[in-house]
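Secondary and tertiary structure notes
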Amino acid sequence: MSLHIERVRVADVLPLVDEYGNEFLNRDYSLDVNKAYVAELAASFKDGEPDEPIVVVRDGNVFRIKAGNSRVRAMKELGTEECWAIIDDEGTEQAINETVVRTNTKKKYEAVEESRFVQQLAMFGDDDYVGRVSGIDAERAASIRRARTTVGDKATQLSLDQLCAVDEFDGFPEQQRQIVDAKDDYSWKSILDRLRREKREIVEREAFESEAARLRITLVEDRPDNLSCYICNCEKPGDLIAKYNEASVRYEGIVGRLACAWNGVSVDFYGNQRHYE
């Protein structure tokens, strides 16, 4: 690594961008919290310049910010013309990696900002790499990557927790839609227990229906009017055949009614008592 320090024109210091001109690792300065942060920085500067030099990467006639986006913005708001800068000859990818770690330890990003940066990192390496650089584990990074594929462009508006919740409901599009459409963290977290119960109900219903179809046991939604006796309850699909055979000893015309409750899905067996001649 080659480093040296020199005076640079603040007007020539710009954010990192990709090949399409999209900014990397830059806060959303339309947020009030970030406006306040920049104002605090500007007020702390002596002679319009921070005590700690910014770190930049040379890009032709300009410099791309490796560390110090907010400091640069504060200087531009103050009208500072020049500042000290550490010039780093490392490539853009390495600059991105170090910026994520360094800036996030100084001032925690807002949830959606942090999410965008981690998503950007995913373009440069696998899940182990993303986890190592951003401080999250590889499994969580993989979950975020899958959710990003699922929701597409909407991913940039979702926090990391929200993306992981989307991945948790893989295969359950209605529940995913409700998480993605939530207005804020409180909104989707407040419905999470309900969504998990809905998911569990769907999974358990499908398991009962599949096993009943295999065993040729009739399942219905409502208690049949023509069957007079409640026989027993079955809480696990694997117990269906044993419960059915047990009931068949004394009852006939047996059907199972799917019953949904807070503790899950089960099957209530009904039938008519056998009459022996």
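A few points on the structure.

The rules behind the values
Sequence order as written defines the numbering, with residues in each chain counted from 1. Side-chain atom pairs in this predicted model are given and counted only at pLDDT of 80 or more, local residue features only at pLDDT of at least 70, and totals for whole chains, interfaces and linings cover all residues. Side-chain numbers here rest on the full set of heavy atoms in the structure, without hydrogens or water. Strands pair, by our definition, only if DSSP identifies at least two bridges between them. Note on conventions: DSSP H or I runs of at least 4 residues are helices, E runs of at least 2 residues are strands, and numbering of each starts at the N terminus. Each reported salt bridge corresponds to a side-chain nitrogen of Lys or Arg within 4 Å of a carboxyl oxygen of Asp or Glu. Relative accessibility under 20% of the residue-type maximum defines a buried residue, over 50% an exposed one, and the middle range a partly exposed one, all with a 1.4 Å probe and only protein chains included. Here the aromatic set is Phe, Tyr and Trp, taking the six-membered ring for Trp, and pairing holds for ring centres within 6.5 Å; pairs whose planes are under 30 degrees apart are stacked, those over 60 apart are edge-to-face, and all others are tilted. Only lysine NZ and arginine CZ atoms are considered, and such an atom sits over a ring when it is within 6 Å of the ring centre and within 35 degrees of the ring normal. Axes here mean lines fitted to C-alpha atoms, for a helix over just the part in contact, with angles spanning 0 to 180 degrees between N-to-C directions. These descriptions rest on fixed angle ranges, namely under 35 degrees for roughly parallel, over 145 for roughly antiparallel, 65 to 115 for roughly perpendicular, and the rest for oblique. Definitions for this section: a left-handed crossing has its near helix turned counterclockwise from the far helix by less than a right angle. A right-handed crossing has that turn clockwise. Working rule for contacts: check all heavy atoms of both residues, and any pair within 4.5 Å makes them a contact. Points on a 1 Å grid, built from protein atoms alone, make a cavity when a 1.4 Å probe fits but cannot get out and make a pocket when they are open with protein on both sides within 12 Å along at least 5 of 7 lines; residues with an atom within 4 Å of a point are the lining residues. Grid points are joined across faces, edges and corners, and a volume is the space filled by probe spheres set on the points. Only Asp, Glu, Lys and Arg are considered charged in this grouping, and only Ala, Val, Leu, Ile, Met, Phe, Trp, Tyr, Cys and Pro are considered nonpolar; every other residue, Gly among them, is considered polar.

1. Some remarks on the sheet that holds strand β1 (residues 3-9)
Read across the open sheet, the 5 strands follow the order β1-β5-β3-β4-β2; overall the sheet is mixed. Of all the strands in the sheet, the pair left with one neighbour each is β1 and β2 (13-14).

2. Topic: the pattern of salt bridges
Tallying each qualifying case throughout the model produces 19 salt bridges. Across the pair Glu 174 and Arg 177 runs a salt bridge whose closest N-O atoms are separated by 2.6 Å. One end of the pair is Glu 174 and the other is Arg 177, both in helix α8 (residues 173-181) and 3 residues apart, which spans about a single turn. For Glu 174, a relative accessible area of 39% translates into the label partly exposed. Exposure remark for Arg 177: the relative accessible area of 42% places this residue in the partly exposed category. Here the salt bridges do not stand alone but share partners, grouping Arg 7, Glu 49 and Glu 82 into one network.

3. Some remarks on the packing of aromatic side chains
Applying the stated criterion across every chain yields a total of 2 aromatic pairs. With a centroid separation of 5.7 Å and an interplanar angle of 70°, the aromatic rings of Tyr 230 and Tyr 270 are classed as edge-to-face. Here Tyr 270 lies in strand β9 (residues 264-273) and Tyr 230 lies in strand β7 (residues 229-234), a separation of 40 residues in the sequence. With a relative accessible area of 44%, Tyr 230 lands in the partly exposed category. Judged by relative accessible area, which is 6%, Tyr 270 ranks as buried. Positioned over the ring face of Trp 84 is Arg 7, at 5.0 Å from the centre of the ring.

4. A short note on the packing of helix α5 (residues 127-134) against helix α6 (residues 138-151)
Where α5 meets α6, the closest approach of the two axes is 8 Å, and the angle between their N-to-C directions is 115°. As the angle between them shows, α5 and α6 are arranged roughly perpendicular. When the axes of α5 and α6 are compared, the crossing they make is right-handed. Here Asp 127, Asp 128, Val 130 and Gly 131 of α5 lie close against α6, whose contacting residues are Ala 138, Ala 141, Ala 142 and Arg 145.

5. Some thoughts on empty space enclosed by the protein
This structure, assessed with the given rule, holds 2 cavities of 30 Å³ or more. Looking at the largest cavity, its volume works out to about 50 Å³. Of all the secondary structure elements, the ones that give two or more residues to the lining of the largest cavity are α4 (111-121), α5 and α6. Take the lining of the largest cavity: its biggest share by element is 4 residues, from α6. Looking at the lining of the largest cavity residue by residue, the classes come out as 5 nonpolar, 1 polar and 3 charged.

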